[in-house]
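Okay, here's what each chain looks like letter by letter:
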Amino acid sequence: MSSLALRVRKHRGLSIGLVAWLAGIVFFFPIAWMALTSFHSEADAATNPPSFGAALTLDGYREFFGAGGGASPWPALINSAVASIVSTLFVLVLAFPAAYALSIRRVRKWTDVLFFFLSTKMLPVVAGLLPIYLFAKNTGMLDNIWFLVILYTSMNLPIAVWMMQSFLAEVPVAVIEAAQIDGARLPTILWRVVAPIALPGIAATALICFIFSWNELLFARVLTGVVAETAPVFLTGFITSQGLFLAKVCAASLVVSLPVLAAGFAAQDKLVQGLSLGAVK
């Protein structure tokens with residue numbers, strides 16, 4: 001390869017790297033701004049233009065955690081954790097064998113089945129709000145965290161099956177056939193052979209389902225009250241007729257976002273491997 005071609009490739013790589021860094025800064029800037037604003041007083045947070053050099057304080061976090069006599073956020077955070085974690089576990093348990101049947105041991109007309117799963121996500125969420133509310137009301141399940149668990153499981157199951165089908169399609173069939181020759185039954189093949197190979201894809205699916213469940217607001221707002229209130233619903237309580245308290249809202253938003261950010265950071269390697277696993281056929 002000529003020196004000119006090497007220089008062109010080097011400059012192209014530098015250009016792509018620069019664009020990637022600029023895109024990362026653009027996406028990260030709102031989060032950094034929110035974090036900085038959360039450490040300002042309400043007077044400094046409300047200035048226009050923003051006062052970046054203002055004194056830092058923890059008053060926003062103290063008020064969020066109830067130091068000023070307000071409601072405690074812990075019940076809402078616990079409800080969100082229960083709804084998100086439990087529903088994600090249910091989704092994985094149900095989606096994994098379904099994806100196996102649609103990818104490795106394919107059932108008849110498996111493409112139609114996949115399209116049916118995907119078509120369930122085409123319905124506007126608002127269209128199903130009233131029937132689900134009436135069902136919850138008539139069955140006495142309003143303001144019940146376990147009804148949210150069931151609802152989030154059913155909402156995330158189609159996308160989980162679709163994602164896992166793509167991941168499990170990359171599992172070598174020869175490995176499964178070797179396990180069958182050794183006398184392994186289907187449950188053993190699923191959990192001891194297929195699952196370890198597809199672990200990055202399973203982790204990516206679990207993270208996506210956890211994020212969707214944790215951030216869901218519309219159904220939680222309508223179907224919960226005091227007992228099953230989730231963190232996103234709790235955040236909406238900071239917008240009152242008295243005004244919008246930016247520092248307190250930013251502190252609350254940062255705290256509520258931390259579990260998702262921590263989960264994404266902890267599973268970033270598996271997430272990248274999983275997404276790339278199902279990307280190339």
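Residues numbered from 1 in each chain as written. Predicted model: local features only at pLDDT ≥ 70, side-chain atom pairs only at ≥ 80, totals over all residues. Heavy atoms only, no water.

## Topic: the overall build of the chain
Broken down by element type, the chain carries 14 helices and two strands. The globule rule puts the C-alpha radius of gyration for 281 residues at 19 Å, and the 24 Å found for the chain is more than 25% above it. By its C-alpha atoms, the chain is 75 × 70 × 35 Å across when sized along the principal axes. Taking all 281 residues of the chain together, 35% fall into the buried category. Expressed as a percentage of contacts within the chain between residues at least 6 apart in sequence, the contacts between residues at least 24 apart total 76%. (Helix = DSSP H or I, 4+ residues; strand = E, 2+ residues; numbered from the N terminus. Rg over C-alpha atoms; globule rule 2.2 N^0.38 Å. Buried < 20%, exposed > 50% of the residue type's maximum accessible area, 1.4 Å probe, protein only. Contact = heavy atoms within 4.5 Å.)

## Some remarks on the nonpolar core
Core analysis: the biggest nonpolar cluster contains 29 residues, and Phe96, Tyr100, Leu168 and Val194 have the highest contact counts within it. When contributions to this core are tallied by element, the ones reaching two or more residues are helix H4 (74-103), helix H5 (110-119), helix H7 (145-168), helix H8 (173-181), helix H9 (186-197) and helix H10 (199-215). With seven residues, H4 is the single largest residue contributor to this core. If near-sequence neighbours (up to four positions away) are discounted, Phe96 is found in contact with Val91, Met164, Leu168, Leu190, Trp191, Val194, Ala195 and Ile202. Of all hydrophobic cores here, the second largest spans 15 residues; its members include Phe147, Val149, Ala220 and Leu223. (Core = buried A, V, L, I, M, F, W, Y, C linked by side-chain atoms within 4.5 Å.)

## Regarding the layout of surface pockets
When its volume is computed, the largest pocket comes out at roughly 420 Å³. Considering the residues around the largest pocket, the lining is formed by 18 residues, among which Lys121, Leu123, Val125, Met155 and Phe219 are closest to the centre. At the level of secondary structure, the elements contributing two or more residues to the lining of the largest pocket comprise H7, H10 and helix H11 (218-223). Here the lining of the largest pocket takes six residues from H7, the largest share from any one element. When its volume is computed, the second largest pocket comes out at roughly 240 Å³. Taken together, twelve residues form the lining of the second largest pocket, with Ala71, Phe234, Gly237, Phe238 and Lys248 sitting closest to its centre. A breakdown of the residues in the lining of the second largest pocket according to their chemical character gives five nonpolar, three polar and four charged. (1 Å grid on protein atoms, 1.4 Å probe; cavity = no way out; pocket = protein on both sides within 12 Å on 5 of 7 lines; lining within 4 Å. Points joined across faces, edges and corners; volume = space filled by probe spheres on them. Nonpolar A, V, L, I, M, F, W, Y, C, P; charged D, E, K, R; others polar.)

## A closer look at unusual backbone geometry
The general pattern is negative phi for most residues beyond glycine and trans for most peptide bonds. Here Asp143, not a glycine, exhibits a phi torsion of approximately 55°, which is positive. In this structure, Asp143 sits in the loop between helix H6 (129-138) and H7.

## A word on the side chain of Ser80
With respect to the helices, strands and loops of the structure, Ser80 is situated in helix H4. The contacts of Ser80, once residues within four sequence positions are left out, are Trp214, Thr230, Ala231 and Pro232.

## Let's talk about the packing of aromatic side chains
In this structure the tally under the stated criterion is eight aromatic pairs. Ring centres of Phe64 and Phe65 lie 4.9 Å apart, and the angle between their planes is 75°; on these two criteria the pair is classed as edge-to-face. For Phe64, a relative accessible area of 1% gives the class buried. Under the relative-accessibility criterion, Phe65 is labelled partly exposed at 34%. With centroids separated by 5.0 Å and ring planes inclined at 35°, the aromatic side chains of Phe96 and Trp191 adopt a geometry described as tilted. Of the two residues, Phe96 is situated in helix H4 and Trp191 in helix H9; the sequence distance between them amounts to 95 residues. (Phe/Tyr/Trp six-rings, centres within 6.5 Å; stacked < 30°, edge-to-face > 60°.)

## Considering the environment of Leu77
The residue Leu77 is located in helix H4 in this model. Judged by its relative accessible area of 12%, Leu77 is buried. As a C-alpha pair, Leu77 and Pro232 span 155 residues in sequence and 9.0 Å in three-dimensional space. Filtering out sequence-adjacent residues up to four positions away, Leu77 remains in contact with Trp214, Ala231 and Val256.

## A short note on the pattern of salt bridges
Applying the stated criterion to the full structure yields one salt bridge. The closest approach of N and O atoms between Asp59 and Arg62, which form a salt bridge, is 2.9 Å. With Asp59 and Arg62 both in helix H3 (residues 59-64), this residue pair falls three residues apart, about one helical turn. Judged by its relative accessible area of 45%, Arg62 is partly exposed. (Salt bridge = Lys/Arg side-chain N within 4 Å of Asp/Glu carboxyl O.)

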